[in-house]
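The residues making up each chain are set out below.
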Amino acid sequence: MGADVPSSTLIDWCGQGVRVLEPLVERIRKGVMTADRLHADDTTVRVLDPSKRVEGIGKGVKEGRIWIYLRDDRPWGGTAPPASAYHFSPDRKGEHPRKHLVDFRGILQGEEGQQTVRGTVCPTNAYTGFASLYEPEGNRPPRIREAACWAHLRRDFFDVHKETGSAIAQEALQRIGDLYDIEARIVGQSTEVRHAVRQKESRPKVEAFKVWAEAQLKRIPGKSDLAKAFRYGLSRWDSFCLFLDDGRVAIDNNPAERKMKPIALGRKNFLFAGSDAGGETLAAAMTIIETAKDNGLDPQAYLTDIFTRIHDHKINRIDELLPWNWKPVDAPKAEAA
């Protein structure tokens, strides 16, 4: 329409709009935590920080985090609707995921720590912030079980092969690739089918991989990146085998990683969040937009309808507006001429 609306005004509108949606955002986040299996991941987001001033520029920036917790039962035909819960934190301290997951009980597929590869610290499924969640509670078993990610393990061997051309790394890639070929055939099948196929076809290959990996460790330099990759997998072997015993568990954490792509694209556009409050707004907006997409909705059409209705909607019926329950108001019928 040719109107010049200042960016600060648009930002304020976005913040106000997300605040209107808070009841739905909180419902989604709480609903996700009622699942008994979750994918989890996190990524960086730059945040303006007044305490870090840069001479001649003004405010500096700090590195905040956006976290994702994903409930997705579609790969095995579950009935629970998919949902994506995003959270913001000003840093990556372990207290944040522990707070997010305080009410969760079940299987977590996420980043359990970090591993040094080629002399650098690389994010893999070894984030230590989750480590305490896997510990037993007194005489009781841990309330959260760890499911390790074969895609992360594969990535370590891929990097070694790309850099050195190692035949051993290439064989590791082939062996892991065979497991993924099996997974491709059973996606969308029932838990019973997935479990049966994995027991018959995947388990022998996984057990053979372990025997082969232990043999390779005796042949290669102990400080090499290849040895580190093998030791990483063997040190968490029970977690890498969990998918064999439960047809609901995925072989990797790729679903959560894909949920971080919009944040990565956003970083190229908005560059940074203006404050911690801006990071919270981003996480809340992502929660409702991505959950709408999870459920096959056009986010713009969904939000347009929600903003029109939510102020007059009874709070005790707010669940009707959740993405998996939402039904648009029928367009008014044209009056007869």
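Each remark here, short or long, concerns the structure printed above.
Keep in mind it's a predicted model, so treat the numbers as computed, not measured.

> How would you summarise the environment of Y134 if you had to cite specific residues and measurements?
The residue Y134 is located in the loop between strand 6 (120–124) and strand 7 (144–146) in this model. The buried category is assigned to Y134, whose relative accessible area is 14%. Expressed as a C-alpha distance, the spacing of Y134 and I144, which sit ten residues apart in the sequence, is 5.5 Å.

> Any details on the environment of K314? Residues and values, ideally.
In this fold, K314 is placed in the segment after helix 12 (299–309). K314 sits 221 residues away from K93 along the chain, and the two C-alpha atoms are 38 Å apart.

> Describe the packing of helix 5 (residues 167–186) against helix 6 (residues 191–217), listing the residues and the values that go with them.
For the pair helix 5 and helix 6, the least separation of the axes is 10 Å and the interaxial angle reads 175°. Classed by the angle they form, the pair helix 5 and helix 6 counts as roughly antiparallel. Along the contact surface, helix 5 presents I168, E171, A172, R175, I176, D178, L179, I182, E183, R185 and I186, while helix 6 presents R194, V197, R198, E201, S202, K205, V206, A208, F209, W212 and Q216.

> Outline the layout of surface pockets, listing residues and values.
Quantified by volume, the largest pocket comes out at close to 720 Å³. In terms of lining residues, the largest pocket is bounded by 29 residues, among which C14, G278, T281, L282 and A285 are the most central. Counting only elements with at least two residues in the lining of the largest pocket, the list comes to helix 1 (7–20), helix 10 (261–270), helix 11 (276–294) and helix 12. It is helix 11 that contributes the most residues to the lining of the largest pocket, ten residues altogether. Residue classes in the lining of the largest pocket are distributed as 18 nonpolar, seven polar and four charged. Approximately 410 Å³ is the volume found for the second largest pocket.

> For the pattern of salt bridges, give the residues involved together with the corresponding values.
Pairing of side chains with opposite charge becomes possible as their charged atoms draw close. Considering all chains together, one arrives at 24 salt bridges under this definition. Of the charged contacts, one joins E26 and R29 as a salt bridge, the two residues approaching to 3.2 Å between their closest N and O atoms. Of the two residues, E26 and R29 are both situated in helix 2 (residues 22–32); the distance of three residues between them amounts to about one turn of the helix. Judged by its relative accessible area of 37%, E26 falls in the partly exposed class. Relative accessible area serves as the criterion here: at 12%, R29 is assigned to the buried category.

> Lay out the packing of aromatic side chains with the relevant residues and their values.
Per the stated rule, a full pass over the model turns up eleven aromatic pairs. On the numbers, 5.7 Å between centres and 75° between planes, the contact of W150 with F209 is edge-to-face. Of the two residues, W150 is situated in helix 4 (residues 150–164) and F209 in helix 6; the sequence distance between them amounts to 59 residues. This pair shows no difference in class: W150 is buried, exactly as F209 is. Look at W150 and F240: their rings are 5.3 Å apart centre to centre, the planes differ by 75°, and that puts the pair in the edge-to-face class. With a gap of 90 residues between them, W150 in helix 4 and F240 in helix 8 (residues 237–245) connect regions that are remote in the sequence. For W150, a relative accessible area of 0% translates into the label buried.

> Can you tell me about the environment of P97, naming the residues and giving the values?
Mapped onto the elements of the fold, P97 is located in helix 3 (residues 95–100). Remark: the alpha-carbon pair of P97 and C14, spanning 83 residues in sequence, is separated by 26 Å.

> Got a sec to walk through the packing of helix 10 against helix 11? Specific residues and values, please.
Where helix 10 meets helix 11, the closest approach of the two axes is 12 Å, and the angle between their N-to-C directions is 130°. Relative to helix 11, helix 10 is oriented oblique. Handedness of the crossing formed by helix 10 with helix 11: right-handed. Contact residues: P262, I263 and F270 in helix 10; L282, M286 and E290 in helix 11.

> Hey, could you go over the state of the cysteines for me, with residue numbers and the actual values?
In this structure the tally under the stated criterion is zero disulfides. You can see C241 has no disulfide; the closest cysteine sulfur is in C149, sitting 14 Å from it. According to the relative accessible area criterion, C241 is buried, its value standing at 13%.

> Describe the nonpolar core, with residues and values.
Core analysis: the biggest nonpolar cluster contains 34 residues, and L24, L38, Y69, L101, L108, F130 and Y302 have the highest contact counts within it. Put simply, the parts of the chain that give this core at least two residues each are helix 2, strand 1 (37–54), strand 2 (58–71), strand 3 (83–89), helix 11 and helix 12. Residues contacting Y302, with those up to four places away along its chain left out, are L24, I288, A292, L297, L321, L322, P323 and W326. Residues A229, F230, L242 and L244 belong to the second largest nonpolar core, which totals 31 residues.

Criteria and thresholds
Residues numbered from 1 in each chain as written. Predicted model: local features only at pLDDT ≥ 70, side-chain atom pairs only at ≥ 80, totals over all residues. Heavy atoms only, no water. Helix = DSSP H or I, 4+ residues; strand = E, 2+ residues; numbered from the N terminus. Buried < 20%, exposed > 50% of the residue type's maximum accessible area, 1.4 Å probe, protein only. Axes fitted to C-alpha atoms, helices over the stretch in contact; angles between N-to-C directions. Parallel < 35°, antiparallel > 145°, perpendicular 65-115°, else oblique. Contact = heavy atoms within 4.5 Å. 1 Å grid on protein atoms, 1.4 Å probe; cavity = no way out; pocket = protein on both sides within 12 Å on 5 of 7 lines; lining within 4 Å. Points joined across faces, edges and corners; volume = space filled by probe spheres on them. Nonpolar A, V, L, I, M, F, W, Y, C, P; charged D, E, K, R; others polar. Salt bridge = Lys/Arg side-chain N within 4 Å of Asp/Glu carboxyl O. Phe/Tyr/Trp six-rings, centres within 6.5 Å; stacked < 30°, edge-to-face > 60°. Left-handed = near helix turned anticlockwise from the far one by under 90°. Disulfide = S-S within 2.5 Å. Core = buried A, V, L, I, M, F, W, Y, C linked by side-chain atoms within 4.5 Å.

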